[in-house]
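# Observations on the model geometry
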There are 2 protein chains.
Amino acid sequence: MIGTAAKRVDTPEKATGRARFISDVIVPGMVHAKLWRSPVPHARIIAIDTSRARKAPGVIAVLAAKDLPVKDLYYGPAFKDQPLLADGVIRHAGEPVVAIVAETIAQADAALPLVAVEWHELPVVDSLDAAVAPGAPVLHERARPAVHFRDLTSLKPIAGTNVCHQYSYARGDLDRGFAEADLVVEQTFTFPMVHHYSLEPHCAIARVDPTGITVWASTQHPFPVRKEVAEMFGLPLARVQVIVPYLGGAYGNKSYTKIEPLTIALASHVRRPVRLALTVEEGFKTVRRAAVRYRLKTGVRRDGTLVARDCEIYYQLGAYADVGPRVVQKSAYTAAGPYRIPNVRIQAYGVYTNTVVSVAFRGYGVPQLTWAYESQMDVIAERLGLDPLELRLKNVLARGEVFIEGDRPVDCDYAGGLRKAAAAIGWTEPTPPRRGRGLACTIKAPLAPSVSSAMVRLHADGSATLLTATVEIGQGARTTLSQIVAQELALPLDRVRIARPEIGMSPYDQATSASRSTTLMGLAVLRAARDVRDQLLAIGARQLGGDATAMTLHDGAIVAPAGRCRYAEALAAHFGTGGELIGRGTYRGERGHAPLGGEAPFWEVGMAAAEVEVDEDTGRVKLLRYVSIADVGKAINPRECEAQEEGAAMMGIGHTFFEQMVYEGGQLLNPSLIDYRVPVMGDLPDEYRSVLVENGDGPGPYGAKGIGESGLIPTAPAVANAIARAVGVRITDLPMTPERVWRAIQASSPRFA
Amino acid sequence: MIGTAAKRVDTPEKATGRARFISDVIVPGMVHAKLWRSPVPHARIIAIDTSRARKAPGVIAVLAAKDLPVKDLYYGPAFKDQPLLADGVIRHAGEPVVAIVAETIAQADAALPLVAVEWHELPVVDSLDAAVAPGAPVLHERARPAVHFRDLTSLKPIAGTNVCHQYSYARGDLDRGFAEADLVVEQTFTFPMVHHYSLEPHCAIARVDPTGITVWASTQHPFPVRKEVAEMFGLPLARVQVIVPYLGGAYGNKSYTKIEPLTIALASHVRRPVRLALTVEEGFKTVRRAAVRYRLKTGVRRDGTLVARDCEIYYQLGAYADVGPRVVQKSAYTAAGPYRIPNVRIQAYGVYTNTVVSVAFRGYGVPQLTWAYESQMDVIAERLGLDPLELRLKNVLARGEVFIEGDRPVDCDYAGGLRKAAAAIGWTEPTPPRRGRGLACTIKAPLAPSVSSAMVRLHADGSATLLTATVEIGQGARTTLSQIVAQELALPLDRVRIARPEIGMSPYDQATSASRSTTLMGLAVLRAARDVRDQLLAIGARQLGGDATAMTLHDGAIVAPAGRCRYAEALAAHFGTGGELIGRGTYRGERGHAPLGGEAPFWEVGMAAAEVEVDEDTGRVKLLRYVSIADVGKAINPRECEAQEEGAAMMGIGHTFFEQMVYEGGQLLNPSLIDYRVPVMGDLPDEYRSVLVENGDGPGPYGAKGIGESGLIPTAPAVANAIARAVGVRITDLPMTPERVWRAIQASSPRFA
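Values in this document were obtained by computation on a predicted structure and should not be read as measured data.

## Looking at the overall build of chain A
On a plain count of helices and strands, chain A comes out with 18 helices and 30 strands. In terms of C-alpha radius of gyration, chain A reaches 27 Å, essentially the compact-globule figure of 27 Å for 753 residues. Taken along the three principal axes of its C-alpha coordinates, chain A extends 85 × 70 × 45 Å. Here chain A, with 753 residues, has 66% of them falling under the buried criterion. When the accessible area of chain A is evaluated, it comes to approximately 24300 Å², of which 51% is carbon and sulfur surface. Of note, chain A has its 83 positive side-chain charges centred 3 Å away from the centre of its 80 negative side-chain charges.

Structure (C-alpha cells):
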C-alpha cells in the first residue's frame, strides 16, 4: 500500500463530473452578491450614493463599509489592515467599495453601474521606488494591530512609512568576511508580480442563523478562517462552521481569510444565504505573489569557498499586508541559500504599494530569492572559472550541519541530490552550440510549529472512515492519507473513506499549506489509525485469547497464533448489534529554540537541472530537458509525488518564461488569460524527469517528508544558468521573454564578438 | 446547569423558522419521485404497463420492482420480507407498485394515472380472525430470513401460516395458581390500529455517486438505515452516508429503514439525486401501530393477592413484519404488568393481515397490553370490594424485587409513585355524581443491549462542539445532551454547540428510540466530556503547577490552588496557534443473563391518575384532571421532562378517546385528518400535572433514567377505570368514543337500575 502508485481516490468522482466544487453547492434561498470595484488606484472617498442601485430590479441590498454588520471591519493574517470594503480610502484599482446583493447574479451585475462613488484621487505609489522614496505618500496612516502568531512575535507594522514589515538576521562579521574574499559579486535581481491563476476563482456561500455562521468556502485554511470570522462577528468558535468542497486548484491564493467575512456580513444583513463568486478578472484584482528586488552581494575565496553574503531584499506587497510580513521573514530566513557561509547579513523589507494584495503563493517567497542566489552561484563559478556543480558541492550544507543556530540541522543529502540532477541531465556531456545546461538548488522552511489532528473510525463491517480537515486542492492528499489508514488497518483502499473537511465535524488542522499535509497531517492520521489498531488488538486478545502484542492485522482480520478473526466479527462480539472504534491522533510541533516560530519538522529541498537551446536571432529559449530532484524521504504514492513535481515544474516554467502582471499608473493592464500568459502543454520540455530521493529520513509516516513547492523553486535559476552557459548572457529579471533574452544577447554580443 | 430549566437550544432556530427540516434540503440536480399505489388489498400482479407513463412530460423513469438496481429487493428490521415495490403480489391497499421519477413533483403526479397494472384479486385477510382461521389465505408463502439481532435470536417467521412471530414465557404452575385463586377474572381487551401522525411525513433524498451513497432522511435510526442500505446495495458501511436534519416529529414511524432504499435505488437508476416525499395520506398507508387483542385471565385470592395470570395476545401486524416481531416479544415480555405473580403464562402471536404495516410506535406495544392489565386490576378490585390503589400496592413489585429472572431487578419505587398519583388526584376525596377517578401504572423494557458513542471537541477559544448521532425529533435531546457537556466543562450553554447527525462524521449511535437518549447517549456524552476535562486538567497541571487531581473546572477556567487559567490560554500554551482537545465516550450495554437480548439498563415506569365526568345522555367523557408520575431518576431539564410528559399524555388522550384507523374490505376509510381525529387543544384536561420523581437511581448521568414513552401508556386504563368508577361501566375496546360509552351505559343500566 505504501510506496505503490495507488489510484487517486478522487479520480472516479472527478472523471465522471460528480466531484462537488463550491459552484455545485446550492443553499436554499441563496441570493447573489457582486462587488463594485474602484477604477482608481489611490483615492479618498468623498461620497457613495447607492440610492439608484437599491431601486434596480431584484436588488435586495446595497452596502458600503459603514453598513456592514461586523464587530471589526478589518481582517488579515498578519496585521488586521484590510477592510472588507474600502473604508474611506481606496488603495488599489479593483478594490471592492460597494457590495450589491440581488436575487440573481445578472440582477446584481446590472445594478453595478448604478452605484455612484465620488472620490478625491491621491498620488499613486505603484513601485518599490515610489514606495520608499523620501516623502512618498503613505498608504496606511495608522499601524494596525498585529495578529499573534508564534512566528510573528517580532512582527510589527512601521507607522508613518510604507514599510509594512522588516526582518533582519546576521551572523559572523560581514566586513571581515568581504575583506577575506578574493572575489565579491554584487547583483540585483527582480522577480515580478505573478498571479496564481487557479482554475477555480474564489467563491463563498454564507448562511447566518440563530445557531451561528455556516460558510461554504474554497479555502485551504478552514480553521484559520473560522478563527478570524469568529473574532470579526463576535461568536464562539463552536458557532462558526466552514465547509470545504473540492478545490479547483489553490496555490496559496486560497490561504487564510479572503472573501468569506464579507459574504457572511452580507448574509447577516439580508438575512438570507449569500453567494459571492469572483470572476477570473476579479481574481487578478484580489491576489498575487509578492514581487521582489533582491540586491545580493557575495564574497568568495579563489577556491570557491563562500565567506560572506549580504542580502538586501525588498518585497513589493501591495495595498494590504495579508500574509506578506510572514512571507518576508519566512523566506528571508533562508535568503542566503543552503550554503555554509560564516558571515551573513539579511535585511528584508515588505513594502505597501497601490497594487493588488500579495498573498501566500506556492514557495512562499523562496522562488524569488532562489532566483537570485542560484543565479549568482553560476556567476561566481564563471568568474572563478569553476564548474557550477563543483562550486555548489564545495559549499552546500551536509546532512547534520547547522543551517541556522537553534533550528533543525540539515536533514537531507544536498550533494547527493545535486549529483543526481547533474547525472540525469548529462552534465559532463558536450553540448552543441547555443545549448547549455544549468543547475539550481534551494531550501525552504516549513510552517512551524503547527498542529494537526485526525480521527479514524472503524465501522461494524470493518470498513473505515478518516476524518481530516486537510483540503483536497488537487495535490492528492485524500489519496495519500487514505493509503496510510489502509496500510495501518490492513484494508484495501476502497474500504477507507475520507470525509470532506467540515470543521464542525472534522478535527483541527492548522493549514493545507507549506507542503505539510502528507508529512504532518500524515502523522496525525497514522497515530489515529494506530489508536484504532491498538483497540482492535485488545479486542482480539479477548476474542482469540493470548497477548495483543503477539497479534497483527492482516487483510481485514486480527491474526493471532491461536487463530484469526475478521474485524466485523470482532466488533460484533465486542459491541453486539453495532458500534465502532474511534481512533484519534495529533501532531503537535514544538517551538524548540528556533529563531522563527518553531523548529522545522523538516526542510523542504529541491534541486533541478535544465538544458536549453537559445535562438540568438529571436531570443526564444527552448527548454529541451528538465530534471527535478525531489527529496521525499519516502514516497507514499510515487506517481502522485511525480505528478506534484511535474505540476510544480510547469508552474516554474510559467514564471520563468511568461508570467508577469503589468501595471501602468496603478492600473493592471493584463487581468485575463488573453493578455496574461500561463504555460500550456506546448511549453513543456521535450524530456522531463522526476527523480525521487527516498532516504527514509523524513519525520512523517514511513520516513516521508514534504514536497510540492520545492519543484517550482529552482526552475528559473536553472534555466537562466543554462542560458548563460548556452549564449553567455546573464538575465537578472524575470520573466525571460524572447525580447528580454534577445536584448541581453544584443547588449552582450559586442563584448563577445 | 443540571436540574435547571435551560432554554432549549433549538428554540431560536425553530421560533424564527430557520430550523432546517428535510423539506428545506435542495440537492443540486435533484428530481422527484411519486409512487403508484395499489387500490386493492390483496392481489397477484399479472402485468405492469409503464409505456404511457414513460412518455409523459418530464418523466425520467418509470420503474417496477424488477427494474430496481438493488442486490436485495427485500428489507426489514426483523425479517427481510418487505419488497421496495410489490414483487408479484400486492399485500395491502396503498402498497407501492410502480415508482415514477420526473423533473417535478407535478409531472410525476400527472403520470401516475398513466400506469396500467393488471392484477388478479386474492381473498382479503383484514382481521385477526380472518388471519388465523383454518384455511385462511396465506400472505407470505415463503418465510424470509430473520435479521440477526441479539434480542431476536429465538425469532423466526412461521411458514405456511399468517403467524409472523410467536413469543411465549411461563413461570410457576398456572393450573395450580388458578386452583388456589378465590376469584378468576377473564376478559378480552382490544386496541385498534392507530396512526402516528407526525406533522412531517416521511421524506428522503438520495444521491449515488462514485464515492457511494448519500441519503438525507427523516429517520430516528441513521446507523441501522446505513447498515441495511449497505447490505442492500453491496457497499461497505464507510460508503453510505445518512444525514439527518431536524425531524418534524417521530413516534417510532421513522424507526429503521422506510423509504430510504427505494429512493436510493431510484437515484441509482436515473443517475441524479432523487427526492421522495410522502403526503399525509401516503403516511397513513405506510405505517401504523399494531392492533392488539388481549385475552387476559387472572387468578386472585380474596385478600387481593395475585396468584396466576394467563396472557394470550394477538398482535395484528399488517402486510409485512417491519419491527412487529420485536414489538411482540419485547412488549409481551412485560404483559403481566409490574406485579408479583408466582404463576404466569404469556403466549403472544404476531399476525400478518392485508393492512398497512405496523411499525414501532411510542410505547412499543406496551400501551396495548397495559390497557388490558390495568383495566382488569380495577375489575378485580371492584369484584373483591377492594380499593384499586390498595390492590396495586399489595401486588406491585418493590425496589430490588425480581421482575423476570435474569434481568435487572425493579429499580424504582412503584408504591411511592402510585401514592403520589393518588394524592395528586385527590384519591380519597368524595366525588360528585357521574365523576370518577382512576389509576394505572406500567412497566416497559428498554432496548438492550445497545451502544452509543459521542465525541466532544474543546476549541481553541474554550467553546465546545458535541458530536452525537442522537436525532432531535422534538424531544429536546439536543438541549439535555448539551447541558451535560456544559456541566462537565463548566461552560455556559451557548458556548456548547451540538452538530447534526451525519453518520459519516458523527460517532455511532444505535437508535433514537426507547427513551434511551438522555440516559444512554447521555452517558457517552458525559464520558466524552470527562475525557476532555481530564486532558484539560493535565494541561492545567503543567501550566499552573501542581497536581491535576487538586484542580477543578469553573466558569471556563482551570482552577488550581496556585491560580487559574482560562481554557483558551491553556490551549494556546499547549498547542501554539491552534489545536483542540478531542474527547470520546462510549456506552455499551451488556447482555448479562437477561432472557431477551440484554439486561435492562433501567425499567421505564409510568403511573397516572385521571378524573373524569361522564355525560350519561351522550356518552361524552370529559377529562377533568390528569396526573402523570414520571420516575426520571434525575431531571436534567425539569421543564423538558414535563413537556415530554405532557406530550405523551396528549398522545394517550388521542388513542383513549378518538384515534382508530377504520378498515372495510381491506380499504382504509379514514386516511386523512378530515376523518381521522387526533387530539386538539380543547381535548386537554382542565387541570394537568406532571410529578417528577427524582430518586437519583437511574444509570444515566447524575442518576437520570429514561422517560418519554411511559407518559402515554397508563392514560387509557386510568380513564377507563375512572369511567367505571363514575358510571359503573367497563369499556374493553378503544377508543372510548361517546357512542361506545353511551352504548355501554345503555347496556348496563338495566342491571343497575
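## Observations concerning the packing of aromatic side chains
Residue and element names in this part refer to chain A. Following the criterion strictly, the structure yields 21 aromatic pairs over all chains and no others. Arranged with centres 6.5 Å apart and planes meeting at 50 degrees, the rings of W36 and W119 form a pair that is tilted. With W36 in strand β1 (residues 31-37) and W119 in strand β8 (residues 116-121), this residue pair connects regions lying 83 residues apart in the sequence. Relative to Y676, the ring of F284 lies with its centre 5.1 Å away and its plane at 70 degrees, an arrangement referred to as edge-to-face. Separated by 392 residues along the polypeptide, F284 in helix α8 (residues 280-284) and Y676 in the loop between β29 (667-668) and β30 (687-693) bring together distant segments of the chain. Both residues of the pair, F284 and Y676, belong to the buried class. Chaining the aromatic ring pairs together yields one cluster made of Y197, F284 and Y676. A cation sits over an aromatic face here: K14 above Y246, 4.4 Å from the ring centre.

## Considerations on the relation of the copies chain A and chain B
Superposition of chain A onto chain B requires a rotation of 180 degrees combined with a translation of 0.0 Å along the rotation axis, giving an RMSD of 0.1 Å. As the rotation angle and translation indicate, the two copies are arranged about a two-fold axis. Minimal C-alpha distance to the rotation axis in chain A is attained by M505(A), lying at 3.0 Å. Both copies share a contact surface, since 100% of the interface residues of chain A are interface residues in chain B too.

## Concerning the interface of chain A and chain B
Taken together, the contacts link 67 residues of chain A with 67 residues of chain B. Interface area, chain A with chain B, both sides summed: about 5500 Å², of which 54% is carbon and sulfur. Taken as a group, M505(A), T577(A) and R584(A) account for 13% of the area that chain A buries against chain B, more than any other trio of residues on that side. Here chain A and chain B share six salt bridges between them. If you look at where chain A meets chain B, you find 30 residue pairs in polar contact (both at pLDDT 80 or more). Here the side of chain A that touches chain B takes five residues from strand β25 (residues 581-588) of chain A, the largest share from any one element.

## Let's talk about helix α12 (residues 414-425) of chain A
Residue and element names in this part refer to chain A. The terminal C-alpha atoms of α12 lie 16 Å apart, and with twelve residues this matches the ideal 16 Å at 1.5 Å per residue to within 8%. Turning to α12, its buried residues are Y414, G416, G417, L418, A421, A422, A424 and I425. Contact partners of the buried residues in α12: α11 (388-395), β18 (435-444), β26 (604-614), β27 (621-631) and β30. In the stretch just after α12, G426 is the one whose phi turns positive, near 70 degrees.

## Digging into the sheet that holds strand β8 (residues 116-121) of chain B
Here we have three strands laid out as an open sheet, ordered β6-β2-β8 (chain B), and antiparallel in their pairing. Two strands close off the open sheet at either side, each with one partner strand: β6 (89-90) and β8 of chain B.

## Overview of helix α17 (residues 715-727) of chain A
Residues and elements named next belong to chain A. When the terminal C-alpha atoms of α17 are compared, their 18 Å separation across 13 residues agrees well with the 18 Å that a helix rising 1.5 Å per residue should span. Within α17, twelve of the 13 residues are buried, which leaves the element mostly enclosed by the surrounding structure. Every buried residue of α17 is listed here: T715, A716, P717, A718, V719, A720, N721, A722, I723, A724, A726 and V727. In the segment just after α17, G728 is the residue with positive phi, at about 75 degrees.

## As for the packing of helix α11 (residues 388-395) of chain B against helix α12 (residues 414-425) of chain B
For any two helices packed against each other, the geometry is given by the interaxial angle and the distance between the axes. Residue and element names in this part refer to chain B. For the pair α11 and α12, the least separation of the axes is 10 Å and the interaxial angle reads 170 degrees. The pairing of α11 with α12 is recorded here as roughly antiparallel in orientation. Here L389, R392 and L393 of α11 come into contact with α12, specifically with A415, L418, R419 and A422.

## A closer look at the pattern of salt bridges
Residues and elements named next belong to chain A. Tallied over the full model, the rule gives 103 salt bridges over all chains. Note that R37 is salt-bridged to E282, the shortest N-O span being 2.9 Å. Placement of the pair is R37 in strand β1 and E282 in helix α8, with a sequence separation of 245 residues. Residue E282 is classed as buried on the basis of its relative accessible area, which comes to 8%. Between D411 and K705 there is a salt bridge, with the nearest N and O atoms lying 4.0 Å from each other. Of this pair, D411 sits in the loop between α11 and α12 while K705 sits in the loop between β30 and α17; the two residues are 294 residues apart in sequence, bridging distant segments of the chain. By the burial criterion, D411 is buried, and K705 matches it. One network of salt bridges, with partners in common, ties together R399, R408, D411, D631, D697 and K705.

## A look at the pairing of strand β13 (residues 240-243) of chain A
Residue and element names in this part refer to chain A. Of the two faces of β13, both are covered, the one formed by V240 and V242 as well as the one formed by Q241 and I243. Judged from the four bridges that link them, strand β12 (residues 212-217) and β13 form a sheet pairing that is parallel. Considered in β13, the bridge of W216 is made with I243. Crossover connection from β12 via helix α6 (residues 222-233) to parallel β13: handedness right-handed.

## A short note on the nonpolar core
Core analysis: the biggest nonpolar cluster contains 126 residues, and I313(B) and Y315(B) have the highest contact counts within it. Among the elements that make up this core, the one with the highest residue count is helix α10 (residues 366-384) of chain B (nine residues). Within the second largest apolar cluster, 124 residues are counted, among which are F79(A), I404(A), W603(A) and A649(A).

Thresholds applied
- Residues numbered from 1 in each chain as written.
- Chains lettered and ligands numbered in written order.
- Predicted model: local features only at pLDDT ≥ 70, side-chain atom pairs only at ≥ 80, totals over all residues.
- Heavy atoms only, no water.
- Helix = DSSP H or I, 4+ residues; strand = E, 2+ residues; numbered from the N terminus.
- Rg over C-alpha atoms; globule rule 2.2 N^0.38 Å.
- Buried < 20%, exposed > 50% of the residue type's maximum accessible area, 1.4 Å probe, protein only.
- Areas by Shrake-Rupley, 256 points an atom, 1.4 Å probe, with all protein chains shown as cover.
- Lys, Arg positive; Asp, Glu negative; His and termini not counted.
- Charge placed at Lys NZ, Arg CZ, Asp CG, Glu CD.
- Phe/Tyr/Trp six-rings, centres within 6.5 Å; stacked < 30°, edge-to-face > 60°.
- Lys NZ or Arg CZ within 6 Å of the ring centre and 35° of its normal.
- Least-squares fit on C-alpha atoms with pLDDT ≥ 70 in both.
- Contact = heavy atoms within 4.5 Å.
- Buried area = accessible area lost by both parts, 1.4 Å probe.
- Salt bridge = Lys/Arg side-chain N within 4 Å of Asp/Glu carboxyl O.
- Polar contact = N/O pair within 3.5 Å; in protein donor to acceptor, adjacent residues only side chain to side chain.
- Expected span 1.5 Å × (residues − 1).
- Pairing = 2+ DSSP bridges.
- Axes fitted to C-alpha atoms, helices over the stretch in contact; angles between N-to-C directions.
- Parallel < 35°, antiparallel > 145°, perpendicular 65-115°, else oblique.
- Right-handed = clockwise from strand over helix to strand, strands pointing away.
- Core = buried A, V, L, I, M, F, W, Y, C linked by side-chain atoms within 4.5 Å.

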